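# Structural overview
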Amino acid sequence: MEQTEELIPHLFRTEYRKLTAVLTKIFGLEHIEIAEDISSDTFLMASETWGIKGLPENPVAWLYTVAKNKAKDYLKRNTLFDQKITPHLQNNSSEIQEFEIDLSEQNITDCQLQMMFAVCHPTISSEAQISLSLRVLCGFGIDEIANAFLTNKEVINKRLFRAKEKLRMEQVKIEFPSQGSIEGRLEMVLRTLYLLFNEGYYSAGKDVTLRKEVCLEAMRLTNLLLENKTTNKPAVNALISLMCFHASRFEARVNVNGETILYQNQNENLWNEELITQGECFLNQASVGDKLSKYHLEAGIAYWHTHKQDTAEKWESILQLYNKLLQLEYSPIAALNRTYALSKANGKNEAIIEAEKLNLNDNHLYHALLGNLYTGIDNSKARFHFQNALKLAKSKADKTIISKNISDLGSD
Amino acid sequence: MKEFLFVFRNDYQAVPKGSPEEMQAETKKWMDWIGGIAAQNKLVDRGNRLGSEGNTVKPGNVITDGPFMEIKEAIGGYTLVRAESLEEATEMAKGCPIFKNGGSVEVRAINPM
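Residues numbered from 1 in each chain as written. Chains lettered and ligands numbered in written order. Predicted model: local features only at pLDDT ≥ 70, side-chain atom pairs only at ≥ 80, totals over all residues. Heavy atoms only, no water.

As named in an unreviewed UniProt entry, chain B is YciI family protein, taken from Pedobacter panaciterrae. Recorded in UniProt under Sequence similarities (unreviewed entry), the annotation for chain B is "Belongs to the YciI family." (UniProt positions renumbered as here; feature names shortened; annotations may be inferred.)

Okay, the packing of helix H10 (residues 208–227) of chain A against helix H11 (residues 234–247) of chain A next. All names here are of chain A. Between H10 and H11, whose axes approach to 10 Å, the crossing angle comes to 150°. The angle between the axes of H10 and H11 places the two elements in the roughly antiparallel class. The crossing of H10 and H11 is left-handed. Side by side, H10 and H11 meet where Ala218, Met219, Thr222, Asn223, Leu225 and Leu226 of the first sit next to Val236, Asn237, Leu239, Ile240, Met243, Cys244 and Ala247 of the second. (Axes fitted to C-alpha atoms, helices over the stretch in contact; angles between N-to-C directions. Helix = DSSP H or I, 4+ residues; strand = E, 2+ residues; numbered from the N terminus. Parallel < 35°, antiparallel > 145°, perpendicular 65-115°, else oblique. Left-handed = near helix turned anticlockwise from the far one by under 90°. Contact = heavy atoms within 4.5 Å.)

What follows is about the side chain of A:Ser343. Residue and element names in this part refer to chain A. Structurally, Ser343 can be placed in helix H16 (residues 332–346). The class for Ser343 is buried, based on a relative accessible area of 12%. Here the side chain of Ser343 touches Tyr340 through a polar contact of 2.7 Å, landing on its backbone oxygen. (Buried < 20%, exposed > 50% of the residue type's maximum accessible area, 1.4 Å probe, protein only. Polar contact = N/O pair within 3.5 Å; in protein donor to acceptor, adjacent residues only side chain to side chain.)

With that out of the way, let us pick up the sheet that holds strand S2 (residues 43–49) of chain B. All names here are of chain B. The strand order across the open sheet built from four strands is S2-S5-S1-S6, with neighbouring strands paired in antiparallel fashion. Strand pairing shows two members of the sheet lacking a second neighbour, S2 and strand S6 (104–109), which therefore form its edges. Neighbouring strand axes in the sheet, compared pairwise and without regard to direction, differ in orientation by 20° on average. In terms of strand pairing, strand S1 (residues 2–10) meets S6 through six bridges, oriented antiparallel. Within S6, the residue paired with Phe8 across the bridge is Val105. (Pairing = 2+ DSSP bridges.)

So, on to the pattern of salt bridges. Evaluated as defined, the whole model comprises 26 salt bridges over all chains. For the salt bridge of A:Lys357 with A:Glu354, the shortest nitrogen-to-oxygen distance reads 3.1 Å. Two residues, B:Lys28 and B:Asp32, come together in a salt bridge whose shortest N-O distance is 2.6 Å. You can see B:Lys28 and its partner B:Asp32 sitting in helix H1 (residues 20–39), four residues apart, about one turn around the helix. (Salt bridge = Lys/Arg side-chain N within 4 Å of Asp/Glu carboxyl O.)

With that out of the way, let us pick up the packing of helix H9 (residues 182–202) of chain A against helix H14 (residues 294–304) of chain A. Residues and elements named next belong to chain A. Where H9 meets H14, the closest approach of the two axes is 12 Å, and the angle between their N-to-C directions is 30°. Comparing the axis directions of H9 and H14 gives the class roughly parallel. Facing H9, whose interface residues are Leu190, Arg191 and Tyr194, H14 presents Lys294, Tyr295 and Glu298. Each residue belonging to the contact of H9 with H14 can be placed in one class, and the counts come to three nonpolar, no polar and three charged. (Nonpolar A, V, L, I, M, F, W, Y, C, P; charged D, E, K, R; others polar.)

The next point concerns the nonpolar core. Residues A:Leu134, A:Leu193 and A:Leu225 are the most contacted members of the largest nonpolar core, which totals 68 residues. At ten residues, the largest contribution of residues to this core is made by H11(A). Here this core spans two domains, and each of domain 2 (105–228) and domain 3 (233–308) of chain A adds at least three residues to it. Look past the residues within four positions of A:Leu193 in its chain and what remains in contact with it is A:Met116, A:Ala218, A:Leu221, A:Thr222, A:Leu225, A:Leu239 and A:Met243. Among the nonpolar cores identified, the runner-up in size contains 51 residues, and B:Phe8, B:Trp33, B:Val81 and B:Met92 belong to it. (Core = buried A, V, L, I, M, F, W, Y, C linked by side-chain atoms within 4.5 Å. Domains from an automatic or database assignment.)

A few words on the state of the cysteines. Residues and elements named next belong to chain A. Under the criterion given, the structure shown has zero disulfides over all chains. Cys120 carries a free sulfur, and the closest cysteine sulfur to it, the one in Cys138, is 10 Å from it. Judged by relative accessible area, which is 1%, Cys120 ranks as buried. (Disulfide = S-S within 2.5 Å.)

A few words on the side chain of A:Glu298. Residues and elements named next belong to chain A. Take Glu298: it is sitting in helix H14. Of the side chains bearing the opposite charge, Lys294 lies closest to the buried Glu298, which forms no salt bridge; the N-O distance is 4.4 Å. Excluding residues within four positions of it along the chain, Glu298 makes contact with Tyr194, Leu242 and Leu325. (Lys, Arg positive; Asp, Glu negative; His and termini not counted.)

As a further point, take the pairing of strand S5 (residues 74–83) of chain B. Residues and elements named next belong to chain B. S5 sits mainly inside the fold: seven of its ten residues count as buried. Direction of pairing for S1 relative to S5: antiparallel, over a ladder of nine bridges. Bridge pairing in S5 links Glu3 to Arg82. Pairing analysis gives four bridges linking S2 to S5, with the strands arranged antiparallel. Note that in S5 the partner of Asp45 across the bridge is Leu80.

The next thing to look at is the interface of chain A and chain B. How big an interface is tends to be stated in terms of the accessible area lost upon association of its parts. At the junction of the two partners, chain A supplies 14 residues and chain B supplies twelve residues. Residues A:Glu316 and B:Lys28 are paired through a salt bridge, measuring 2.9 Å at the closest nitrogen-oxygen approach. Applying the counting criterion to the chain A and chain B interface returns seven residue pairs in polar contact (both at pLDDT 80 or more). Breaking the side of chain A that touches chain B down by element, the ones donating at least two residues are helix H15 (312–328) and H16 of chain A. Among the elements that make up the side of chain A that touches chain B, the one with the highest residue count is H15(A) (seven residues). Taken together, the residues of the side of chain A that touches chain B sort by class into five nonpolar, four polar and five charged.

Structure (structure tokens):
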């Protein structure tokens, strides 16, 4: 009994998404709810049956058999069968029994990859893409997704519902994009995986385990792309490299209370060497071809951050990578980080002049940056900016850090 | 926001050919300058450098091999930026590293067709 209670959530996380992907491929994306229902029912049955009769010899095989039977039952009963499957079976109902639901490893992987392209369809918002990914590609519960997004279940349910409606309207198919469109579609997938990872990494949510799982899921999905020849592109290698470098600091960046430990205060001994080595390896593999993606540049920056020692070479390299990143794609956070790197590479005075031009007055990080730059140069201006930052900051963690900066200024 | 074209002009003969380190320092200045414009979200297109070879076609199929030998200030490259006004764009151009070598930046408003 105890075994069952532990095993089912684990299997749910690893197998629910596989069943859903394969079944959705069979039923069509427009009937994704049916696939989800059958997968859920399968797990419900497992928890009932296993609780009474004990664990089957091979729980995964058990789940697959039950899911297959449920799917066949559904097909037999439902009109969907006539519309969608029957034409392929030449109207011969005796063939239902032979109608095979392929749950081989290869087909599961293929279906998950194709599902990834479907979910990251350009017609739905990136927010919805992330929620949908967490639900159907990662097997997260609605309440977990709501937690990760710091919102409630109703919002997530609505978001998922609308996204599915949209996919239905656009008649998105679960299939591999054509040769001609794969590059653009892959870009969308990478963007979503990047955001998914960041959601876990930077979220203000308190549940550290959940946040880490979101990151690991983003890495698992990126790995799926690497395992396939068509999608194993330099940018994908660059993205996983970036994720490895960030993930190497998992244990060092959060304390037992789930509070963020700033980079400079982290215990380097907690950095994961293995992930750093993997990140370097992927970054090497990414360094082919003639396309420089933002993931290449961000991985390069993250690589330099695995060297804690401040050197001229480190900060000059980071500055030039940010210069290139901003030319590729502007973002306020990149602009702020670039200016910080500028202060490290070219000195605070030059950085202050450049910071004053950024025009990000509504951003608490902007004022925190100016506060830092002015510290030791003009402490009254530093205080002014830190106080602005404090007013604009929303999270408790940010406020704590800024208050500390102010008290460190002393009273002059 | 309007778009403006920066046209970089320089006297090719006068540009010093320095050591690799000096050339690298020169590149850094350009990259930092462009990066600073991009950090303000005012870079539209980094543009390109222009090669030193070129032809000019004139009326009557008259072709000359570029204006380079004839004028002191040849166009060496261009960049597209975004600004509220010509004054703001001009202010941005003031940071260009080209002035140290005696070059100039022509700032022109782009009128969309």
